[in-house]
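Now for the letters of each chain:
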Amino acid sequence: AQSVAQPEDQVNVAEGNPLTVKCTYSVSGNPYLFWYVQYPNRGLQFLLKYITGDNLVKGSYGFEAEFNKSQTSFHLKKPSALVSDSALYFCAVSPIKAAGNKLTFGGGTRVLVKP
Amino acid sequence: DGGITQSPKYLFRKEGQNVTLSCEQNLNHDAMYWYRQDPGQGLRLIYYSQIVNDFQKGDIAEGYSVSREKKESFPLTVTSAQKNPTAFYLCASSIRHLQETQYFGPGTRLLVL
């Protein structure tokens, strides 16, 4: 069975500093990996995904993520955080050969960017 | 204006009552999904449908039912058998055949009176 771990419930960072949100996964075979962001009482917004190819994936709003197969990780990064980046972030995984495009989500990491 | 709509935004359920949450999409996506979100637990899959008139149980289907009579619509019924229905419910859709991105609606918050 596939699983996703987001080891930090909350990440605090000062505005302008680098932001990293950690994600590790377990899946049979090669994974598809996704990052989503959720603002209060809203649905999830897609940030970026890794399917194949370059291990560094660039996404929306200046976010990027690095796929590391040996460490089974897919950490989300942003070079300079903004106060508006404060939100709940979810990592998700799906095996390439899974039927029905079933995603498994991590428990989420709350990011708080302080001015 | 394409996207996924969910209604209502807030829903109150009385004991023993069935309630239905609406999800509509105009993205021409074949696949649709229902998730439940509880604090600290991420999202859990309730049901999904890859094509009209077909759907499969997810990880927590007990106490829920769905139908997929139209491509655009995937309503979720929370039955009286679901003893702990208070949660945030999210609908999503994606292109069926590929491992494509799932796009989410704004959610419905269900509360028990």
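Preceding this section is the structure that the text describes.
The rules we used
Residues numbered from 1 in each chain as written. Chains lettered and ligands numbered in written order. Predicted model: local features only at pLDDT ≥ 70, side-chain atom pairs only at ≥ 80, totals over all residues. Heavy atoms only, no water. Salt bridge = Lys/Arg side-chain N within 4 Å of Asp/Glu carboxyl O. Buried < 20%, exposed > 50% of the residue type's maximum accessible area, 1.4 Å probe, protein only. Core = buried A, V, L, I, M, F, W, Y, C linked by side-chain atoms within 4.5 Å. Helix = DSSP H or I, 4+ residues; strand = E, 2+ residues; numbered from the N terminus. Contact = heavy atoms within 4.5 Å.

Colleague: Even after reading the chapter, I still don't get the pattern of salt bridges, so can you show me in this structure?
Modeller: A side chain with one charge can pair with a side chain of the opposite charge if their charged atoms come near. This model, assessed by the stated rule, comprises 6 salt bridges over all chains. A salt bridge links A:Asp85 to A:Lys78; its shortest N-O distance comes to 2.8 Å. The burial state of A:Asp85 is the same as that of A:Lys78; both residues are buried. Its salt-bridge partner being B:Arg44, residue B:Asp38 comes within 2.8 Å of it at the nearest N-O pair. Salt bridges here are not isolated pairs; linked through shared partners, they connect B:Arg36, B:Asp38 and B:Arg44.

Colleague: Sorry, what's going on with the nonpolar core here?
Modeller: The tendency in soluble globular proteins is for nonpolar side chains to be buried side by side. Core analysis: the largest hydrophobic core is formed by 27 residues, its most contacted members being A:Leu19, A:Trp35, A:Leu47, A:Leu48, A:Phe74, A:Leu76 and A:Tyr89. Listed by contribution, the elements that provide at least two residues to this core are strand S2 (10-14), strand S3 (19-21), strand S5 (31-38), strand S6 (44-50), strand S8 (64-68), strand S9 (73-78), strand S10 (87-95) and strand S12 (109-114) of chain A. Considering each element in turn, this core owes the most residues, 4 residues, to S10(A). Not counting chain neighbours up to four residues away, the residues in contact with A:Leu48 comprise A:Leu33, A:Phe34, A:Trp35, A:Val57, A:Lys58, A:Gly59, A:Phe63, A:Glu64, A:Ala65, A:Phe74 and A:Leu76. Within the second largest apolar cluster, 20 residues are counted, among which are B:Ile4, B:Cys23, B:Tyr47 and B:Ala61.

By themselves, these are just geometric observations and shouldn't be taken as functional.
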